[in-house]
Amino acid sequence: MSEPESGAADAVSTSAYSSPAKSLGDPGITPLSPSHIVKDSDADDAVEQLFLVVVAIDFGTTSSGYAYSFTKEPECIHVMRRWEGGDPGVSNQKTPTTILLTPERKFHSFGYAARDFYHDLDPTESKHWLYFEKFKMKLHTTGNLTMETELTAANGKKVKALEIFAYALQFFKEQALKELSDQGGSDFENTEVRWVITVPAIWKQPAKQFMRQAAYKAGMASPENPEQLIIALEPEAASIYCRKLRLHQMIELSSRAPVNGYSPSDTIGTGFTQAKEHIRRNRQSRTFMVENVIGEIWSELEEGDRYIVVDSGGGTVDMTVHQIRLPEGHLKELYKATGGPYGSLGVDYEFEKLLCKIFGEDFIEQFKIKRPAAWVDLMIAFESRKRAAAPDRTNPLNITLPFSFIDYYKKFRGHSVEHALRKSNVDFVKWSSQGMLRMSPDAMNALFKPTIDQIVQHLSDVFDKPEVTNVKFLFLVGGFAESPLLQQAVQSAFGSRCRVIIPQDVGLTILKGAVLFGLDPAVIKVRRSPLTYGVGVLNRFVEGKHPPEKLLVKDGTRWCTDVFDKFISADQSVALGETVTRSYTPAKPSQLVIVINIYSSEQDNVSFITEAGVKKCGTLRLDLTGTDASVPNRREIKTLMQFGDTEIKAMAIDVATSKSVKVGIDFLNY
């Protein structure tokens, strides 16, 4: 690399990846040592003065929340204020991911407030209001996501997804700024905050970009100031937090050694009751101290040890395999993040299927549309019972049916709910005279089975990969990890291969890790690319090597078309800040914009962009306006792309003038 370019590349890496924690000696990662206190470049100082606080938002499928930490005291993580209106049987510092718009499509409320208000509306009124829940999955399931993608409200009306996501993020932005202002006694400006938003690691590039666009719309950051917002991957955030755990902050399922002071003879069940008790006592305090040293768990980890983090939430389950690099405790990803839509929503879906089996699909569909608030009520009742399911439970679980369900069913079918249950042949579900569905524990466990089986199967596949040998720990995190049924299944399937560990405040693990990531985004040094990326180019035609149908003769020169020029392969390791460089020349000197199509594939040996499985996934756009056109006829634009971060980034330089060229890399609007 010639001198000026490397200078330019360095400038990018320090400003975009700098971390407010640098001059503090990477507090949470290594004990303060003199060698760390060397001031970095000026770019770093600027960033430090820029952000006083890091606020992370865990935008979940079923529930969401935020936490923050001041860059001056990074070992203190504050979890947001308690939310009003929690549910019975569900203690949580997060709020449901539900949003309500007025009939005029203006934002009304979020979380419990949205749910309760919607629920209290008269049915004649409520059908005009737009209520959304569990909408995050749409970003994962939509194949061709764009800024125009729509979401459907409970009443069947459609609204642009971007608006809903922006409203939700704006709500969190305002809540967090208000809490920070109240706490500091003076108004807190958005410019003083670095925002972190978490997304599943298995999300594709367009979904991450969509989240970023929604955050810009919510006013958290802007295209001119993109580094004010960092996208964090959920299992990575969990991993960063898990490496700081002290032994009293987790529960080891196999309990071969006494953990938390319980002896191995305690069953899993009592371990959990005690842990729950401990959590309840700690609930009052919203501030968590992160130890300044590496957590005790690492006293058992040696250089190069491997562990797997399984993040099981409401919508998706995704897993990463990390290796620790001492002494700094940096992390290296060993196998690309994998997972799928195996979150706890799968259990709700099975419950809905069971209701369809008993009462008829036609009735359930109608009921959801005609009495949407009562349907929400029924699912809340199911949620609290779902949390009571456990492997050793013997007494039945009762689910209250809303009065309007019983009433509407009688109108719809002309006979009673009780009659339907009697003739449905579903043995495990009975009718109790207090107006409840009485489910045997076996019936409830059966609702969990398909989802848990998929998680265990997926984990087995990951364990079979050659890169994933000798895993020492498996951390089970995320809201669904609170389920004793899932805990038992994972422990019995993998307890012999590694130690299965659950952080105590398992639902908040990702949130806290995301704050730590915002304080020091450079902690994960090596990642794996989930896909193969490249562009289509013309190469000189070689007889015998290239297929004849790809031959193109232009001005007497023989070219081979559609050649896949690979930037990076699927599952290839990429270091943070490592760049892939290519040079492009405008076809004619007067050209002001170069647009290059980017293609991706899950395979790593791709020769042509026309092969099966190769998809166009985005564009790279070089804007040559404003650069001096009086330079030589043949201009060369050098493009540097980075694949080692949570998002793909690009920059470009006009080689003749060493000036930077405006570059956009777009996976949404192409």
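Not measured: the values here are computed from a predicted model. (Residues numbered from 1 in each chain as written. Predicted model: local features only at pLDDT ≥ 70, side-chain atom pairs only at ≥ 80, totals over all residues. Heavy atoms only, no water.)

(A) Expanded view of the overall build of the protein chain. Scanning the protein chain from N- to C-terminus turns up 17 helices and 32 strands. Taken across its 670 residues, the protein chain has 54% of its residues classed as buried. The long-range fraction of contacts in the protein chain, counting pairs at least 24 apart against all pairs at least 6 apart in sequence, stands at 70%. Carbon and sulfur atoms make up 52% of the accessible area of the protein chain, which amounts to about 28,600 Å² in all. (Helix = DSSP H or I, 4+ residues; strand = E, 2+ residues; numbered from the N terminus. Buried < 20%, exposed > 50% of the residue type's maximum accessible area, 1.4 Å probe, protein only. Contact = heavy atoms within 4.5 Å. Areas by Shrake-Rupley, 256 points an atom, 1.4 Å probe, with all protein chains shown as cover.)

(B) Local environment of the nonpolar core. Counting residues in each nonpolar core, the largest one holds 147 residues, and the members touching the most others are Phe132, Phe165, Phe359 and Leu474. If you tally residues by element for this core, the top one is helix α6 (residues 161-184), at 11 residues. Excluding anything up to four places from it in sequence, Leu474 contacts Ile308, Val310, Leu459, Phe463, Val490, Cys498, Arg499, Val500 and Ile501. Of all hydrophobic cores here, the second largest spans 23 residues; its members include Phe567, Cys617, Leu622 and Phe643. (Core = buried A, V, L, I, M, F, W, Y, C linked by side-chain atoms within 4.5 Å.)

(C) Up close: the packing of aromatic side chains. In the structure shown here, the tally under the stated rule is 33 aromatic pairs. Centroid distance Phe463 to Phe494: 5.0 Å. Interplanar angle 20°. Geometry classified as stacked. Taken together, the positions of Phe463 in helix α15 (residues 441-463) and Phe494 in helix α16 (residues 484-494) put the pair 31 residues apart, joining distant regions of the chain. Phe494 matches Phe463 in its accessibility class, with the two residues each being buried. Each ring, one from Phe567 and one from Phe643, has its centre 6.3 Å from the other, and the planes form 45°; the classification is tilted. (Phe/Tyr/Trp six-rings, centres within 6.5 Å; stacked < 30°, edge-to-face > 60°.)

(D) Structural view of the packing of helix α10 (residues 345-359) against helix α12 (residues 372-386). Taken N-terminus to C-terminus, the directions of α10 and α12 make an angle of 120°; their axes are 11 Å apart at the nearest point. One way to sum up the angle between α10 and α12 is to call them oblique. Crossing hand, α10 versus α12: right-handed. Note on element contacts: α12 touches α10 through Trp375, Leu378, Met379, Phe382, Glu383 and Lys386, opposite Val347, Asp348, Phe351, Glu352 and Leu355. When grouped by side-chain class, the residues that make up the contact of α10 with α12 number 7 nonpolar, no polar and 4 charged. (Axes fitted to C-alpha atoms, helices over the stretch in contact; angles between N-to-C directions. Parallel < 35°, antiparallel > 145°, perpendicular 65-115°, else oblique. Left-handed = near helix turned anticlockwise from the far one by under 90°. Nonpolar A, V, L, I, M, F, W, Y, C, P; charged D, E, K, R; others polar.)

(E) Here's a closer look at the packing of helix α8 (residues 234-242) against helix α17 (residues 509-519). For the pair α8 and α17, interaxial distance at closest approach is 7 Å and the crossing angle is 85°. In terms of orientation, α8 and α17 fall into the roughly perpendicular class. Contact with α8, carried on its side by Glu234, Ala237, Ala238, Ile240, Tyr241 and Cys242, involves Thr509, Ile510, Lys512, Gly513, Ala514, Leu516 and Phe517 of α17 and no other residues of that element.

(F) Fine view of the pattern of salt bridges. Applying the stated criterion across every chain, the model contains 23 salt bridges. With its nearest N and O atoms 2.8 Å apart, the salt bridge here joins Arg582 to Asp565. Pair noted here: Arg582 is in strand β27 (residues 579-584) and Asp565 is in strand β25 (residues 557-568), with a separation of 17 residues, a long-range link. Here Arg582 falls in the partly exposed class, since its relative accessible area comes to 22%. For Asp565, a relative accessible area of 18% corresponds to the buried category. (Salt bridge = Lys/Arg side-chain N within 4 Å of Asp/Glu carboxyl O.)

(G) Region of the structure containing unusual backbone geometry. If you check the backbone angles, Asp562 has positive phi at about 60° while not being a glycine. Mapped onto the elements of the fold, Asp562 is located in strand β25. Unusually for a residue other than glycine, Ser658 sits at a positive phi of about 55°. Structurally, Ser658 can be placed in the loop between β31 (649-654) and β32 (659-666).

(H) The arrangement of the environment of Leu486 in detail. Here Leu486 shows up in helix α16. Through-space distance from the C-alpha of Leu486 to that of Ile455 is 8.8 Å; in sequence the pair is 31 residues apart. With sequence-adjacent residues up to four places away left out, Leu486 is seen in contact with Ser312, Ile452, Ile455, Phe480 and Ala481.

(I) Geometry of the pairing of strand β6 (residues 107-110). Inspection of the sheet shows strand β5 (residues 98-101) paired to β6 by 3 bridges, in the antiparallel sense. Each residue of the ladder has a partner; that of Leu101, found in β6, is Phe107. What sits between the antiparallel neighbours β5 and β6 is a turn of 5 residues, in which Arg105 has the positive phi angle 70°. (Pairing = 2+ DSSP bridges.)

(J) Focus on the sheet that holds β5. Taken in spatial order, the 3 strands of this open sheet run β6-β5-β7, and their pairing is antiparallel. Of all strands in the sheet, those with a lone pairing partner are β6 and β7 (130-133), marking the two edges. Strand-to-strand twist of the sheet, defined as the mean angle between neighbouring strand axes without regard to direction, takes the value 20°. Of the strand pairs in this sheet, β5 and β7 are connected by 4 bridges, and their pairing is antiparallel. From the neighbouring strand, Leu100 faces β7, where its bridge partner is Tyr131.

(K) Region of the structure containing the pairing of β31. Bridge count between strand β30 (residues 637-642) and β31: 6 bridges; the pairing is antiparallel. Across the sheet, the residue bridging to Thr639 is Ala652, located in β31. Count of turn residues in the β30/β31 antiparallel hairpin: 6 residues. Pairing geometry for β31 and β32, over 3 bridges, is antiparallel. Bridge pairing links Asp654 to Lys659 in β32. Remark: 4 residues form the turn of the hairpin made by β31 and β32, two consecutive strands paired antiparallel; Ser658 in that turn has positive phi of roughly 55°.

(L) Structural detail: the side chain of Arg212. Here Arg212 lies in helix α7 (residues 205-217). Among the residues examined, Arg212 registers a relative accessible area of 11% and is labelled buried.

(M) Looking closely at the environment of Lys157. Structurally, Lys157 is set in the loop between β8 (150-152) and β9 (158-160). In the structure, Lys157 is positioned 28 residues away from Trp129 in sequence and 9.3 Å away in space, judged by C-alpha atoms. Once residues lying within four places of it in the same chain are set aside, the contact partners of Lys157 are Arg105, Lys127, Leu130, Leu151 and Thr152.

(N) Summary view of the confidence of the model for the protein chain. Scored by pLDDT, the protein chain comes out at a mean of 82, with 82% of its residues at no less than 70. Low confidence marks residues 256-285, where pLDDT is under 50. Its contacts with residues over four positions away, or in another chain, come to 32 contacts. In this model residues 289-295 is a low-confidence stretch, pLDDT under 50, and it forms 23 contacts with partners more than four residues away in sequence or in other chains. (pLDDT = per-residue confidence, 0-100.)

(O) Quick peek at the sheet that holds strand β18 (residues 429-432). One open sheet holds the 3 strands; their spatial order is β17-β19-β18, and the pairing between them is antiparallel. Of all the strands in the sheet, just β17 (397-400) and β18 have a single pairing partner and so form its edges. The sheet shows a mean angle of 30° between the axes of neighbouring strands, direction not considered. Sheet strands in contact with α10 are β17, β18 and β19 (436-439), and its direction is about 115° off that of β19. Across the sheet, α15 touches β17 and β19, and the angle it forms with β19 is around 85°.

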